[in-house]
Amino acid sequence: MLLQDALAVVTGGGSGIGFATAERFVSEGARVVISGRDAEKLQRAADKLGANALPVVADAANAADMRRLYETAVAHFGRAVDVIVANAGVSRQTPVRETSLAQFAQVFDINVGGVYVTVREALAFLARPASVILVASLAANQGTKHFSAYCASKAAVVSLAKSFAAEFVESGIRVNSISPGVAKTPIFDSLGMSEAELLQWSHVIPMKRPAEPAEIAGAILFLASDASRYMTGADLAVDGGMSGISPF
Ligand SMILES: NC(=O)c1ccc[n+]([C@@H]2O[C@H](COP(=O)([O-])OP(=O)(O)OC[C@H]3O[C@@H](n4cnc5c(N)ncnc54)[C@H](OP(=O)(O)O)[C@@H]3O)[C@@H](O)[C@H]2O)c1
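Conventions used here
Each chain carries its own residue numbering, running from 1 in the direction its sequence is written. Restriction of local features to residues with pLDDT of at least 70 applies here, the model being predicted, together with a cutoff of 80 or more for giving and counting side-chain atom pairs; totals for whole chains, interfaces and linings are based on all residues. Side-chain metrics rest on all non-hydrogen atoms present in the structure, leaving aside hydrogens and water. Helix and strand definitions here come from DSSP, where helices need a minimum of 4 consecutive H or I residues and strands a minimum of 2 consecutive E residues; each element is numbered from the N-terminal end. For the radius of gyration, the atom set is restricted to C-alpha positions; the globular benchmark scales as 2.2 Å times the number of residues to the power 0.38. The method behind every accessible area is Shrake-Rupley, applied with a 1.4 Å probe, and residues are considered shielded solely by the protein chains displayed. Neither His nor the chain ends is counted toward charge; the positive residues are Lys and Arg and the negative residues Asp and Glu. The location of each charge is read from NZ of Lys, CZ of Arg, CG of Asp or CD of Glu. Think of it this way: one heavy atom of a residue within 4 Å of a molecule or strand is enough to make that residue near it. What qualifies as a polar contact is a pair of N or O atoms within 3.5 Å, subject to a donor-acceptor requirement within protein and to the restriction that residues adjacent in sequence count only when both atoms come from side chains. Strand pairing follows a simple DSSP-based rule, namely that at least 2 bridges must link the two strands. Excluding any residue in a salt bridge, patches collect residues exceeding 30% relative accessible area, merging like charges within 9 Å and nonpolar Val, Leu, Ile, Met, Phe, Trp and Tyr side chains within 5 Å. For salt bridges, the criterion is a side-chain nitrogen of Lys or Arg within 4 Å of an Asp or Glu carboxyl oxygen.

> I keep staring at the overall build of the protein chain and nothing clicks. Help me out?
Check the secondary structure of the protein chain and you find seven helices and seven strands. Each helix (α) and strand (β) of the protein chain, taken in turn from the N terminus, gives the series β-α-β-α-β-α-β-α-β-α-β-α-α-β. The C-alpha radius of gyration of the protein chain comes to 17 Å, within 12% of the 18 Å expected for a compact globule of 248 residues. Projected onto the principal axes, the alpha-carbon positions of the protein chain cover approximately 50 × 40 × 35 Å. Of the roughly 11,500 Å² of accessible surface on the protein chain, 54% is carried by carbon and sulfur atoms. For the protein chain, the centre of its 21 positive side-chain charges and the centre of its 23 negative side-chain charges are spaced 2 Å apart.

> How do you make sense of the site of the ligand when you look at a structure like this?
The immediate surroundings of the ligand are formed by 29 residues, with Ser-15, Arg-37, Tyr-150, Ala-183 and Thr-185 found nearest. In this structure, an oxygen atom belonging to the ligand sits 2.9 Å away from a main-chain N or O atom of Asp-38. Contacts to the ligand include Ala-60, whose backbone N or O atom sits 2.8 Å from a nitrogen atom. Coverage of the ligand by the protein amounts to 94% of the 870 Å² it exposes when considered alone. Elements with a minimum of two residues in the shell around the ligand: helix 1 (16–27) and helix 5 (148–168).

> What is the right way to read the environment of Val-169 from this model?
Topologically, Val-169 is positioned in the loop between helix 5 and strand 6 (173–180). Val-169 sits 142 residues away from Ser-27 along the chain, and the two C-alpha atoms are 29 Å apart.

> Sorry, what's going on with the pairing of strand 3 (residues 53–57) here?
Where strand 2 (residues 31–36) lies against strand 3, five bridges are found, and the strand directions are parallel. Residue pairing in the sheet places Ile-34 in a bridge with Pro-55 of strand 3.

> What am I meant to see in unusual backbone geometry here?
Note: most residues except glycine have negative phi, and most peptide bonds are trans. In this structure, Pro-129 follows Arg-128 across a cis peptide bond, with omega equal to 0°. Looking at where Pro-129 falls in the secondary structure, it is placed in strand 5 (residues 126–135). Although it is not a glycine, Lys-208 adopts a positive phi angle of roughly 65°. By the element assignment, Lys-208 lies in the loop between helix 6 (195–199) and helix 7 (213–224).

> Looking at this model, I keep getting lost on a nonpolar patch on the surface. Mind explaining?
A surface patch of nonpolar side chains, about 340 Å² in accessible area, is lined by Trp-201, Val-204 and Phe-248. Assignment of secondary structure puts Phe-248 in the segment after strand 7 (235–238).

Okay, structure coming up:
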């Protein structure tokens, strides 16, 4: 068991990569608090995870919500937080000619402000040592038509992981980011994209298929566990080869 008795918080744990991560953590002996804004979705996820999971409705970009989440987590499970997975995020099409500053800022508020607040509010509740994982994206390093806000937000997440790592290295808090490529999750529903359309991307993925969320969760588990204890400030690509090798 890689996370026996550890307490982990996974934001956006009600679906996709966050849910798969919570599921994997529980199977490795952890107690897990999952958060999100949709109470029903979160409760359904918690029911599947069982007694070692606690759902807390909280907006990751709201400092008071996140403080309440950590207070609840520590009170409920009776120990400090060992692992944080700042996973909550949104993807929106933002064609430059049609996107207002307010629409651009909304993506940044959640994807960047949310990660910032998730980590800042955690500091008073973290165990030592602790591992913090920020979910970035391949998009951080790959410009994508109509997704400038999302891509820039994920570049900021990779950068935050490095500065947080530098700031906390002497406190025993490791911070790394993870950059998935394309994974089959509900984030594509929010973009109006079907599974068939998603599968069409397979030809640009060296491994010729999108990831299952569990395959991203496996890499997050590695960063969460003692197996990665000499890593901090790193970004781990989990993308079927997309960032490193040609698909042709
Ligand atoms: N799927 C991919 O191919 C891919 C690739 C690279 C990176 N990622 C990243 O992976 C992360 C997880 O995404 P996913 O693909 O698993 O999609 P997903 O299933 O849509 O998960 C995103 C989760 O974030 C939560 N969320 C969104 N805004 C929130 C907020 N303000 N506060 C709290 N929770 C919030 C959502 O729950 P509520 O709606 O209930 O709030 C949802 O459960 C995201 O950061 C995404 O950018 C995904």
